[in-house]
Amino acid sequence: MKQWLVVLFSALCVSTGSVGAQEWPTRPVKLIVPYPAGGGVDVMARALAQRLQDKWQQPITIDNRPGANTLIGTEAVAKASDNHTLLFTTDATFTINPHLYNKLPYDAEKDFAPVTQLVAFSQMLVANANLPASNLKELLALAKEKPGSLSYASYGPGSQPQLATEMLKQKTGVFIVHIPYRGIPQAVTAVVSGEVQLTWSGIVSSRAHIASKRIKPLAYGGKTRVPAYPDVPTMTELGFPEVDANVWVGLFAPANFAPALVSRMHRDILAVISDPDFRSKEIEGKSYDFVGAGPEEFRRHIRSESTSRRTTIKASGTTID
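Residues numbered from 1 in each chain as written. Predicted model: local features only at pLDDT ≥ 70, side-chain atom pairs only at ≥ 80, totals over all residues. Heavy atoms only, no water.

A.B. asks: What is the right way to read helix α6 (residues 160–172) from this model?
C.D. replies: At 3.6 residues per turn, the α-helix brings residues three or four places apart onto the same side. Its 13 residues place the ends of α6 18 Å apart at the C-alpha level, agreeing with the 18 Å of an ideal helix rising 1.5 Å per residue. Of all 13 residues in α6, 11 are buried; the element is thus mostly enclosed. When we look at burial in α6, the residues that qualify are Gln160, Pro161, Gln162, Leu163, Ala164, Thr165, Glu166, Met167, Leu168, Lys169 and Thr172. Just downstream of α6 lies Gly173, where phi reads positive at about 80°. (Helix = DSSP H or I, 4+ residues; strand = E, 2+ residues; numbered from the N terminus. Expected span 1.5 Å × (residues − 1). Buried < 20%, exposed > 50% of the residue type's maximum accessible area, 1.4 Å probe, protein only.)

Next comes the structure, spelled out in structure tokens:
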């Protein structure tokens, strides 16, 4: 009798302490995006949610919680108790922030279960159309001639545009003023209006402005040129391979989600993003690189990239108390 009670108690602990695959989801799912609405990450989250609703037979709502280098939205997921709140974010959350802050309001390693790395992409260095520089060499010459006269936008201290530009500044000795904004759409808008002269942006957020000639691309952060802009040289070609402007987008669940559920979620998402129509429109059509990595592969990638980013952050001299 005692043995039976022990087994029953253990089963109850498992069922209440973790979220299994069979019963989930039992109500609407919330996808927290720690970036403003309208940016590339938000657009992909909404496209994915629309398709996943059919598979999961539950509504999926997008909850944009930008600010503090994704800390606000990420903390909300870490502390969520409804078992139906997920995090849709970029590499900065898990490979940059742990090396910028002395203390985070969550444990990046222990509080989350990586589900899948969906895509990867690189950002372009873009400039206001009226800037008297048509390439990186001319930009650097202008910055050296007039120290402090140029400014660049980022979506916060420690964000990818800030790290990339600070590394470029360190390598070249130029002084360009940093102006943080709430998100990449706001940063790009600031460049378009001339509030600042430069930022780093994904193609999704900048190509309409490039097409209308309100901003111009100066360099691409990837290792190879992007087909959408074959005439734009890479930072590596220009002699700055250390300037890291590479980004990935991934989905995370709270750590209490059972491995079987995490694997099932990955399979469901992989089916969506592998669909030819979705892949053509939402991935290849936006110059993203398809990844679709599973939970364990994704976890290994995060750990490896985190180590690399720690070195980059230390070299750039960027810190946040």
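A.B. asks: Would you take a moment to explain the pairing of strand β2 (residues 60–64) for this structure?
C.D. replies: Regular strands place their side chains on alternate faces of the sheet. Strand direction decides the pairing type here: strand β1 (residues 29–33) and β2, joined by 5 bridges, are parallel. Bridge pairing links Val29 to Ile60 in β2. Assessed by its sense of winding, the connection that carries the chain from β1 through helix α2 (residues 40–56) to β2 is right-handed. (Pairing = 2+ DSSP bridges. Right-handed = clockwise from strand over helix to strand, strands pointing away.)

A.B. asks: How should I be thinking about the sheet that holds strand β5 (residues 124–128) in this particular structure?
C.D. replies: Working definition: the strands of a sheet are paired by backbone hydrogen bonds and lie parallel or antiparallel to each other. Strand order across the open sheet formed by 5 strands is β7-β6-β8-β5-β9, with mixed pairing between neighbours. Every interior strand has two partners, whereas the edge strands, β7 (177–180) and β9 (215–220), have only one. Between one strand and the next, the sheet's axes are offset by a mean angle of 30°, whatever the strand orientation. Summarising the sheet, β5 and β9 pair through 5 bridges and their orientation is antiparallel. Among the inter-strand pairings, Leu125 is bridged to a residue of β9, identified as Ala219. (Axes fitted to C-alpha atoms, helices over the stretch in contact; angles between N-to-C directions.)

A.B. asks: Mind showing me how you'd approach the layout of surface pockets here?
C.D. replies: Gaps left between atoms show up when a probe the size of a water molecule is rolled over them. Considered as a void within the structure, the largest pocket measures approximately 220 Å³ in volume. What lines the largest pocket is a set of 15 residues, among which Tyr220, Thr224, Val226, Ser287 and Asp289 lie closest to the centre. Partitioning the lining of the largest pocket into residue classes produces 6 nonpolar, 5 polar and 4 charged. Lining the second largest pocket are 14 residues, with Phe94, Ala108, Glu109, Ile302 and Arg303 sitting closest to its centre. Secondary structure elements with two or more residues in the lining of the second largest pocket: α4 (92–100), β4 (112–122) and α11 (295–316). Per-element accounting of the lining of the second largest pocket gives the leading share, 6 residues, to α11. Considering only residue class, the lining of the second largest pocket consists of 7 nonpolar, 3 polar and 4 charged. (1 Å grid on protein atoms, 1.4 Å probe; cavity = no way out; pocket = protein on both sides within 12 Å on 5 of 7 lines; lining within 4 Å. Points joined across faces, edges and corners; volume = space filled by probe spheres on them. Nonpolar A, V, L, I, M, F, W, Y, C, P; charged D, E, K, R; others polar.)

A.B. asks: Sorry if this is basic, but what is going on with the pattern of salt bridges here?
C.D. replies: Tallied over the entire structure, the rule returns 16 salt bridges. The salt bridge involving Arg65 is made with Asp63; its shortest N-O contact spans 2.9 Å. Looking at Arg65, the relative accessible area reads 29%, which means it is partly exposed. The salt bridge partner of Lys79 is Glu75, with a shortest N-O separation of 2.6 Å. On the basis of relative accessible area, Glu75 is assigned to the partly exposed category, the value being 24%. Linked by salt bridges that have partners in common, Asp91, Asp244, Glu305 and Arg309 make up one network. (Salt bridge = Lys/Arg side-chain N within 4 Å of Asp/Glu carboxyl O.)

A.B. asks: Is there a simple way to explain empty space enclosed by the protein in this structure?
C.D. replies: Scanning all chains against the criterion turns up 5 cavities of 30 Å³ or more. Here the largest cavity is characterised by a volume of approximately 180 Å³. Lining the largest cavity are 18 residues, and of these Gly40, Val41, Phe121, Gln123 and Ile184 sit closest to its centre. Contributions of two or more residues to the lining of the largest cavity are made by α2, α7 (184–193) and α8 (203–211). Looking at the lining of the largest cavity element by element, the count peaks at 3 residues for α2. Partitioned by chemical class, the residues of the lining of the largest cavity number 10 nonpolar, 7 polar and 1 charged.

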